[in-house]
Structure formats: structure tokens, C-alpha cells
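Architecture at a glance
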Amino acid sequence: MTASVLDDVPGLGPARKKVLLTHFGSLKRLKAASVEEIASVRGMGDKTAEAVVAALKA
């Protein structure tokens, strides 16, 4: 198993990571998504979406 930039996002466990990657299809498309797009995914909220965007831009 490889490490992911999503591993250190607070509140984002394996199940939510899988949902995000399944929804967007790739990490590249997830990186291009806005906070609003990520927050609209089932199981995600605004704070988690903001944390994901911050982690992907770091």
C-alpha cells in the first residue's frame, strides 16, 4: 500500500477517501475540484472539503 496526501486529512478515513476517489475518478480530478464540489459528495461536509483542498494544495 502506498501513502497518500489524503492520509493526514482530519476526519477523512479509508471509507471517505474511497468515496472521494470513486466519485472523482482520479486524484488529478479531485485536485481540480472546488470545495463546493467536494462538499457535495455523499458523506462530506464543508470542513472536511476545506481540509481536503488544503491538503491537496500543500
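As a reminder, the structure under discussion sits directly above these lines.
Here's a quick rundown of the structure. Quick caveat: nothing in here was measured; it's all calculated off a predicted structure.

1. Brief notes about the overall build of the protein
Helices and strands together make up the secondary structure of the protein, namely four helices and zero strands. Reading the helices (α) and strands (β) of the protein from amino to carboxyl end gives α-α-α-α. By principal-axis analysis of the C-alpha atoms, the protein measures approximately 30 × 20 × 20 Å. Counting across all 58 residues of the protein, residues that qualify as buried make up 29%. If you take every contact in the protein between residues at least 6 apart in sequence, the share linking residues at least 24 apart comes to 40%.

The rules we used
- Residues numbered from 1 in each chain as written.
- Predicted model: local features only at pLDDT ≥ 70, side-chain atom pairs only at ≥ 80, totals over all residues.
- Heavy atoms only, no water.
- Helix = DSSP H or I, 4+ residues; strand = E, 2+ residues; numbered from the N terminus.
- Buried < 20%, exposed > 50% of the residue type's maximum accessible area, 1.4 Å probe, protein only.
- Contact = heavy atoms within 4.5 Å.

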